[in-house]
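# Architecture at a glance
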Amino acid sequence: MLKDSYLVGLIGSGIGPSLSPALHEREAGRQGLRCLYRLLDLDTIGVPPEAVGELLRAARLLGFDGLNITHPCKRLVVEHLDALDPRAEALGAVNTVVFEGGRAVGHNTDVTGFAAAFARGLPDAPLERVVQLGAGGAGAAVAHATLTLGAERVTVVDALPERAADLAAALNRSFGPGRAAAAPPDRLPELLGAADGRGGLVHATPTGMAAHPGLPLPAGLLHPGLWVAEVVYRPLETELLRTARAAGCATLDGGGMAAFQAADAFRLFTGREPDSARMLADLTELTGGAVGAPK
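Below is a short write-up of the structure. (Residues numbered from 1 in each chain as written. Predicted model: local features only at pLDDT ≥ 70, side-chain atom pairs only at ≥ 80, totals over all residues. Heavy atoms only, no water.)

Another point: the nonpolar core. Nonpolar side chains in soluble globular proteins tend to end up buried together. Counting residues in each nonpolar core, the largest one holds 45 residues, and the members touching the most others are F114, F118 and W227. Counting residues per element, the ones that place at least two in this core are α5 (110-121), α6 (137-148), β8 (154-157), α7 (161-175), β11 (226-230), α10 (255-270) and α11 (276-287). Non-local contacts of F114, meaning those with residues more than four positions away in its chain, are made with V142, A145, T146, V202, A229 and M257. (Core = buried A, V, L, I, M, F, W, Y, C linked by side-chain atoms within 4.5 Å. Buried < 20%, exposed > 50% of the residue type's maximum accessible area, 1.4 Å probe, protein only. Helix = DSSP H or I, 4+ residues; strand = E, 2+ residues; numbered from the N terminus. Contact = heavy atoms within 4.5 Å.)

Below, the structure written as structure tokens:
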């Protein structure tokens, strides 16, 4: 049932800099709706990620219409939901929960968000060999999106080998044998060398976020034959992107994914059609940079 007032929020760690509240509230206001978007920061509340189920139940009791879910809860939240849409079920990761008819239903708008941002920002990027850093909830979504965009092969690298192996196996079940593989971090030099002129690097770990500064890999592994796509968007220009551009790589920041996934979540929360271009413009204004454009 369509309403004119919505209460939604975001559960995650270190989410103080998030622009989700502004993106949702601005778009709601332009559509004549009232939207209150609240941050439920695990660090501020003082609870571990495993408390996501308790926060979910509390939000439902308090009358929330839905929640966005981010690091490190995108996989942990799944067991606390009543139903999953097919994409979220295939990924085993959720970034949007809608409370409807007494049920909590999980969705994943990271997939569509990343796909739209990549198609817009790096439309001619070669996709023969793609190396992805990170096999968590965001990693599952962007690997799925990259294969949907036509990548021939995605190799997932994660500090937890079993997590990378599980994701690669799930991707092969969805897209066919041989489309995905897992590798340990010590194979990055070999993998990025093989991607020279044939693909690039997708970064899907928290490294580079305001709360997790730094580089996710040695700077010397980046070379002009690679493109680099970032998932982190606060800050918009991460150390990885600065280093990649200095090395001659085409780059894509995480702003486009943030705006497009927010637009898809807005549609799920409100039942209204968002203006994704307008929301992308909002993110550009809020960050003070040109969002989602190749550099």
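Here the focus is the side chain of T270. Counting through the fold element by element, T270 comes out in helix α10. Its relative accessible area of 6% is what places T270 among the buried residues. Only 2.8 Å separates the side chain of T270 from the backbone oxygen of F266, close enough to count as a polar contact. Polar side-chain contacts of T270 include one of 3.0 Å to the backbone nitrogen of R272. (Polar contact = N/O pair within 3.5 Å; in protein donor to acceptor, adjacent residues only side chain to side chain.)

A word on the pattern of salt bridges. Applying the stated criterion to the full structure yields 15 salt bridges. Measuring nitrogen to oxygen at the nearest pair gives 2.8 Å for the salt bridge that ties E190 to R187. Residue R187 is classed as partly exposed on the basis of its relative accessible area of 29%. Taking the shortest distance from any N to any O, the salt bridge between D275 and R278 comes out at 3.9 Å. Beyond isolated ion pairs, a larger network of salt bridges with shared partners links R26, E27, R30, D275, R278, D282 and E285. (Salt bridge = Lys/Arg side-chain N within 4 Å of Asp/Glu carboxyl O.)

What holds strands together in a sheet is hydrogen bonding between their backbones, with the strands either parallel or antiparallel. The strand order β2-β1-β3-β5-β6-β4 describes an open sheet built from six strands, whose pairing is mixed. Of all strands in the sheet, those bounded by a partner on one side alone are β2 (34-41) and β4 (83-84). Here strand β1 (residues 5-12) pairs with β2 via eight bridges, running parallel. Residue pairing for β2: Y6 is matched across the bridge by C35. Strands β2 and β3 (66-69) of the sheet are contacted by helix α1 (residues 20-30), whose axis makes an angle of about 170° with β2. Its contacts with the sheet place helix α3 (residues 52-61) against β1, β3, β5 (96-100) and β6 (103-107), and it is angled at close to 40° to β5. (Pairing = 2+ DSSP bridges. Axes fitted to C-alpha atoms, helices over the stretch in contact; angles between N-to-C directions.)

Take α7 next. Between the first and last C-alpha of α7 there are 21 Å, a value that for 15 residues agrees with the 21 Å anticipated at 1.5 Å per step. Regarding α7, the residues found buried are A164, L167, A168, A170 and L171. Here the buried residues of α7 occupy an arc of 165° about the axis, which is enough to place them on one side. Pointing more than 90 degrees away from the buried face of α7 are the exposed residues P161, D166 and R173. Positive backbone phi, at 110°, marks G176, one or two positions downstream of α7. (Expected span 1.5 Å × (residues − 1). Arc of directions from axis to C-beta.)

Coordinates in, geometry out; function isn't part of it.
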